[in-house]
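Structure assessment
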Amino acid sequence: MKKLSILTCLSILFLYGTGMYAQSCTGFHKKSCKSLGDEGWVYNSQSKSGLFEYGMSSEIKIVIFKDNDYSMTLCNEKALGKGELMLTIKDAKTGEMIYDNATDDRAQHLEFSCATTRSVIVTVTAGGDGSGNTGSSSHDKGNDAKKTATKGTSTNKSAEPVDGGCVGLLIEQKASSKQGF
């Protein structure tokens, strides 16, 4: 009987203890990324948040619509470094690179207008060089997203081990201003 009660207590402690260390990034982009709602921008439901390891990349396919302006804001927990997020946008059909923040001082905010409706692939990389070639990878094909997590020792620029942190991609939109006659 004593063994049963000790085993029960240990089971409860184990389940409770592992729950304390689990991290949920649900809604991180809504809480942590700077919204431009006061400037007329409207939340776009294609926005996402996720748990990233340093060096991990994630792709998401989104649709941007003609005659709309878009705002994309990246944010992350400081364990992954400040301004360390890399962002690329490619045309989903042609693979043409539309934007790469590596050529824009790793800007964490982007605004653009869309002249034609098109599907694009947005890739976010948490630190690292964005290649994701430092180890093996795992894939998750749900919801048109592809995630590649590097294995092994992850470090940020300060050379401290990093388990991971939340990353958010906040997408906002508004109707483009009609210009000219």
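Use the structure listed above.
Residues numbered from 1 in each chain as written. Predicted model: local features only at pLDDT ≥ 70, side-chain atom pairs only at ≥ 80, totals over all residues. Heavy atoms only, no water.

Notes on unusual backbone geometry
Stated precisely, the cut-off is as follows: The secondary structure listing takes helices from DSSP runs of H or I that are at least 4 residues long and strands from runs of E that are at least 2 residues long, numbered from the N terminus. Only protein chains enter the accessibility calculation, which uses a 1.4 Å probe; a residue is then buried when its area is under 20% of its type maximum, exposed when over 50%, and partly exposed in between.
Look at D67: it is not a glycine, yet its phi comes out positive at around 65°. Secondary-structure assignment places D67 in the loop between β3 (57-64) and β4 (68-76). By relative accessible area, D67 is classed as partly exposed at 48%. Backbone geometry at R106 places phi at a positive 50°, although glycine is not the residue there. Turning to its location among the elements, R106 is positioned in the loop between β6 (97-100) and β7 (109-114).

Some thoughts on the packing of aromatic side chains
Note the following rule: Each pair of aromatic rings taken from Phe, Tyr and Trp, with Trp reduced to its six-membered ring, is defined by centres within 6.5 Å and is described as stacked if the planes are under 30 degrees apart, edge-to-face if over 60, and tilted in the remaining cases.
Here the structure, examined in full by the defined rule, presents one aromatic pair. Plain terms: the ring middles of Y70 and F112 are 5.6 Å apart, the flat faces sit at 20° to each other, and that makes the pair stacked. One end of the pair, Y70, is in strand β4; the other, F112, is in strand β7, and 42 residues separate them in sequence. Taking the relative accessible area as the measure of exposure, Y70 reaches 1% and is therefore buried.

As for the state of the cysteines
Note on terminology: a disulfide is the covalent bond linking the sulfur atoms of two cysteines. Note the following rule: Two cysteine sulfurs form what is called a disulfide whenever their separation falls within 2.5 Å.
Inspection of every chain in the model, using the stated rule, returns two disulfides. The residue that forms a disulfide with C25 is C166, at a sulfur-sulfur distance of 2.1 Å. Residues C25 and C166 are joined by a disulfide whose S-S torsion is about -85°; by sign, that bridge is left-handed. Remark: C166 occurs in strand β10 (residues 165-175) and C25 occurs in the loop between α1 (2-21) and α2 (28-32); sequence separation between them is 141 residues. Each of the two residues, C25 as well as C166, counts as buried. Through a disulfide, C33 is tied to C75; the S-S separation comes to 2.0 Å. Torsion about the S-S bond of the C33 and C75 cystine: about -80°, corresponding to left-handed handedness.

Re the environment of Y43
Note the cut-off: Any pair of residues with heavy atoms lying within 4.5 Å of one another is described as a contacting pair. In protein, a polar contact requires one atom able to donate a hydrogen and another able to accept it; more generally it is a pair of N or O atoms within 3.5 Å, and residues adjacent in sequence count only if both atoms are side-chain atoms.
Along the chain, Y43 falls in strand β1 (residues 42-43). Counting along the chain gives 128 residues from Y43 to I171, while the straight-line C-alpha distance between them is 6.5 Å. Other than its neighbours up to four places away in sequence, Y43 contacts H29, K30, L170, I171 and E172. A polar contact of 2.9 Å, which involves the side chain of Y43, links it to the side chain of H29.

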